[in-house]
Amino acid sequence: MKDPLMSRYTPSEIEPRWQAAWTEAETFVATREGDKPKYYVLEMFPYPSGRIHIGHVRNYTMGDVIARYKKATGHNVLHPMGFDAFGMPAENAAMASGGHPKDWTYGNIDTMVGQMKPLGFGLDWSRMFATCDPEYYGQQQALFLDFLDAGLVYRKNAVVNWDPVDMTVLANEQVIDGKGWRSGAEVERRELTQWFFKISDMADELLEAIDGLDDWPAKVKLMQANWIGRSRGLQFAFSTVDAPEGFDRIEVYTTRPDTLMGASFVGISPDHPLARHLERHDPDVAAFCAEARRGGTTEEALEKAEKLGRDTGIRVRHPFDTSWELPVYIANFILMDYGTGAIFGCPAHDQRDLDFARKYDLPVVSTFVPADADAHTRPEDGGGAYVPPKGDIVDYVNGLRAKGQMTGEVAVEQAIALCEENGVGQGVTKFRLRDWGLSRQRYWGCPIPVVHCDSCGVVPEKKENLPVRLPDDVSFDVPGNPLDRHPTWRDTSCPKCGAAARRETDTMDTFVDSSWYFARFTAPHAATPTDPEAAAYWMNVDQYIGGIEHAILHLLYSRFFARAMIATGHLPETAKEPFNALFTQGMVTHAIYQTRRPDGRPVYHYPEAVELRDGEAVLKEDGTRVEVIPSAKMSKSKNNVVDPADIISRYGADTARWFVLSDSPPERDVEWTASGADATHKHLARVYRIASEVSDAPEAGPNGADEALLKAMHKCIFEVTQGIESFGFNAAIAKLYAFTATLQKSDAGREAKRQAARTLAQLMAPMTPHLSEEIWHMLGGEGLLAEQPWPTADEAMLVDDSVTLPIQINGKRRSEITVAKDLAKDAVEALVLEDAAVQKALDGGAPKKLIVVPGRIVNVVV
RNA sequence: GCCGGUGUGGCGGAAUGGUAGACGCAGCGGAUUCAAAAUCCGCCGGGGGCGACCCCGUGGGGGUUCGAGUCCCCCCACCGGCACCA
């Protein structure tokens, strides 16, 4: 008799054993062996915040499924892991608890690696690095120097977003609703000398190349295109009347030159040189400008489209009618950053301008009207601004050259042409994308490797002096940059003249760190940023997996960096687009359980404190009804966080891995439920039990059972393979459930069952590698399953001899017939007409139409 | 406001224009058990009929088609991104 203990599924015993075996065999160490094709799969590396969460588990499990599958299909796989380890939380932690950012960061990395290893990911740990390793950031400094040399980095004075809480500069992209994206503090404007990457030089190229990213989500591509924001327009100058000296022209940029005949005012930004000039001479203007600047975008909701302007008293002449004078206003809704910081307002075709015109009693003149101008109320008669898509055909009544019906696009081009002919201005293409400011006044980042010398100016550090290391002896008892107040760190000698000089104390934006780590993984310990051979072999990343939150910044910066690294010889030309395919996965969510206090404030309860009674969620303690908010983002403050460590100790890693992939498509959110995790664990235990019982099956089963089981097996191989290839992990898992049931119920003989169970283990291996490995060995499999080739489906086993065709009558299913697979169409028709349901429907008559789709369906139209 | 996306049982979700609801959860019934746990078997969109069966059903309304969850048009709701970007 079998020992019942032998058939118990014990992940806590199985999982560490196989993890050790893989490590021992160096199964997942990436090698460039033989003539196998390479495959580079990468998940966005984590920030070492302290502990991994279940979302990481899902992210890395997806990557691991791909990695293990690709290995099994004969690829040399690179699947590395590292840490995006610089950044402000480490400094914040140091400020809060007095430790050192370095200790905090490396401590967290240790913890997280300790949490990741029990999950059994097939990662090449020998390539691990953190971006705060001097070995890594030293190479980043080398890149910076090469970029500087290539003219890809420059310094300029710039008004920057100053975060008064973090005491640091933020990129435009890092300001959300006028607040710092991390601190949430109100951002102030400050002028500083900053380092910039010339990403805007590549705006056009970065935009054009989006088209070639076939395996990127359309959504991400669109977001990037919008972010780069190319626009075609006209730039021209108004000549001024009664303007101060030096301001006899005002340059404006417009994307709608076709509306020039509808212009009624000129607006300039409060930061426009003319506004700044007026400000110095007129306290009222100064007060207005100060007020306008304060608004920013923060007050958006508050101000609720409150358009404020101030007439400067200056007038400009219309370029096509010099007797026509337009007033110049300083207006709070014009940004100095975009275009020329000055516009002409056309109230009829811009809602903002219309609001403004009505407020200040300026004329409203339509230049075009809808092509089918039926019930349209013109803006001059109190209607809203008419702003159709540029591709729509409209009727030009007062266009610039344009007459009659045409699209805005055509009219714009005509207007530009006319202006150019008359020397009024020229067509220009502008981008919304700004240069990437990378200077940060922080300690915990990659030092910018330059030296400030009184006689030589800004001098790059010599490469042989890299890395410029961060000093360890710093304190965080005062806000600001500890590098600035370090007693000796700044002191150095000029690399050019040798005189005493000062180091740059700014460090780099952490987006720099993550913009090339994928390239570094190909040769993580090379003495140069990359190793040409390794980069040529492993690049590009074949499959990149990460969150949609990185759709713009990280991915755009990485695309820029790849081009910059090619320009400086650090990557091959083919690595221009470093990520061949991108997949953005959904979150893992969890219900929130809440009750309310008498004053209505919510109280959040841990899932363990809640149970179901008669279909209602109640508190275990006293039976109080609990409000359930399903599918909520996990948050510590809402008490709905699931800790992977708890799941592993309770159910094992395989259960966690299987669950996060089941139920929902990977690009969507998945809700973690205790019952689902229980069910997964039960299922895995069932698979284990079935596998251990297979040996006991009788030698030969009843007729046909073997073939039926093997057919189901080949079908399963086919479907699971397809599921993994297409990121349909949830669908693949559904097929595995079904095949498990088939195997369990099968009357097949011992050998067929053993083969089916071994194959089941193989097909499950990308998701549940430990359980699969255990079953593989239990059933006499050779070597490590993780090193076995992927099973292939036998085409011959996928087709059935007979096929069941549903019969529809007028498109509704009414009956079915089973016929030989390749039965001729007319023979099928004859059989269909004999069918009882069809006879009844025809009632003696002939069908109007009879459609036979071979192998699929039959439709009888009566 | 603009740009995307989504909408299918009590729930998560399946479905190359071809039997809607695979698979899982929850629920119900049964077997096993002294009993329970565990396990196994079955049922499980709504309505009608004793029944063979019939009617309705994929957010709403139209359309294309022999046939629509799927394609087209209009509308609604929710989610996400962007935004005084000229």
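Only a predicted model underlies this, so the values are computations on that prediction, with no experimental measurement involved.

A. Focus on helix H17 (residues 553-567). Under the 1.5 Å per step criterion, the end-to-end length of H17 is 21 Å for 15 residues, consistent within 8% with the ideal 21 Å. Of all the 15 residues making up H17, 14 are buried; the element is thus mostly covered by neighbouring parts of the structure. One or two positions beyond H17, positive phi appears at glycine 569, with a value near 80 degrees.

B. The arrangement of the sheet that holds strand S14 (residues 368-370) in detail. Reading across from one edge, S14-S15-S16 is the order of the three strands in this open sheet, with antiparallel pairing throughout. What marks the edges here is a single partner per strand, and that holds for S14 and strand S16 (404-407). Strand-to-strand twist in this sheet, taken as the mean axis angle between neighbours without regard to direction, amounts to 40 degrees. Note: strand S15 (residues 393-396) against S16, four bridges, orientation antiparallel. Of the residues in S16, the one forming a bridge with isoleucine 393 is threonine 407. Across the sheet, helix H12 (residues 408-421) is in contact with S15 and S16; its angle to S16 comes to roughly 100 degrees.

C. How the structure looks around the pattern of salt bridges. Counting across every chain of the model gives 30 salt bridges. Ionic pairing is found between aspartate 472 and lysine 102, a salt bridge with its closest N-O pair at 3.4 Å. Of this pair, aspartate 472 sits in the loop between strand S21 (457-460) and helix H13 (482-485) while lysine 102 sits in helix H4 (residues 101-116), placing them 370 residues apart in sequence. In this structure aspartate 472 comes out as partly exposed when scored by relative accessible area, which is 44%. Of the residues examined, lysine 102 reaches a relative accessible area of 31% and is grouped as partly exposed. Overlapping salt bridges bring together Glu205, Arg559, Arg563, Lys576 and Glu577 as one network.

D. Quick peek at the sheet that holds strand S1 (residues 38-43). Spatially, S2-S1-S25-S26 is the arrangement adopted by the four strands of the open sheet, whose pairing is parallel. At either end of the open sheet lies a strand with only one pairing partner, and these are strand S2 (76-78) and strand S26 (582-585). Neighbour-to-neighbour, the strand axes of the sheet open up by a mean angle of 20 degrees, direction not taken into account. Relative to S2, S1 runs parallel, the two being bridged by three bridges. Residue pairing across strands places lysine 38 opposite asparagine 76, the latter belonging to S2. On top of the sheet, helix H2 (residues 54-72) reaches S1, S2, strand S25 (543-547) and S26; it is set at about 170 degrees to S1, its chief contact.

E. Quick look at the packing of aromatic side chains. Enumeration according to the criterion identifies 41 aromatic pairs in this entry. Where phenylalanine 86 meets tryptophan 444, the ring centres are 5.0 Å apart and the plane angle is 80 degrees; that geometry is what we call edge-to-face. Taken together, the residues phenylalanine 86 in the loop between S2 and helix H3 (88-97) and tryptophan 444 in the loop between strand S19 (439-440) and strand S20 (450-453) connect sequence positions 358 residues apart. Residue classification places phenylalanine 86 among the buried residues on the basis of a relative accessible area of 1%. Since its relative accessible area comes to 4%, tryptophan 444 is described here as buried.

F. Structural context of the environment of threonine 10. Relative to the helices and strands, threonine 10 is located in the segment before helix H1 (11-25). Between the alpha carbons of threonine 10 and glycine 652 there is a distance of 8.2 Å; along the sequence they are 642 residues apart.

Cut-offs applied
- Residues numbered from 1 in each chain as written.
- Chains lettered and ligands numbered in written order.
- Predicted model: local features only at pLDDT ≥ 70, side-chain atom pairs only at ≥ 80, totals over all residues.
- Heavy atoms only, no water.
- Helix = DSSP H or I, 4+ residues; strand = E, 2+ residues; numbered from the N terminus.
- Expected span 1.5 Å × (residues − 1).
- Buried < 20%, exposed > 50% of the residue type's maximum accessible area, 1.4 Å probe, protein only.
- Pairing = 2+ DSSP bridges.
- Axes fitted to C-alpha atoms, helices over the stretch in contact; angles between N-to-C directions.
- Contact = heavy atoms within 4.5 Å.
- Salt bridge = Lys/Arg side-chain N within 4 Å of Asp/Glu carboxyl O.
- Phe/Tyr/Trp six-rings, centres within 6.5 Å; stacked < 30°, edge-to-face > 60°.

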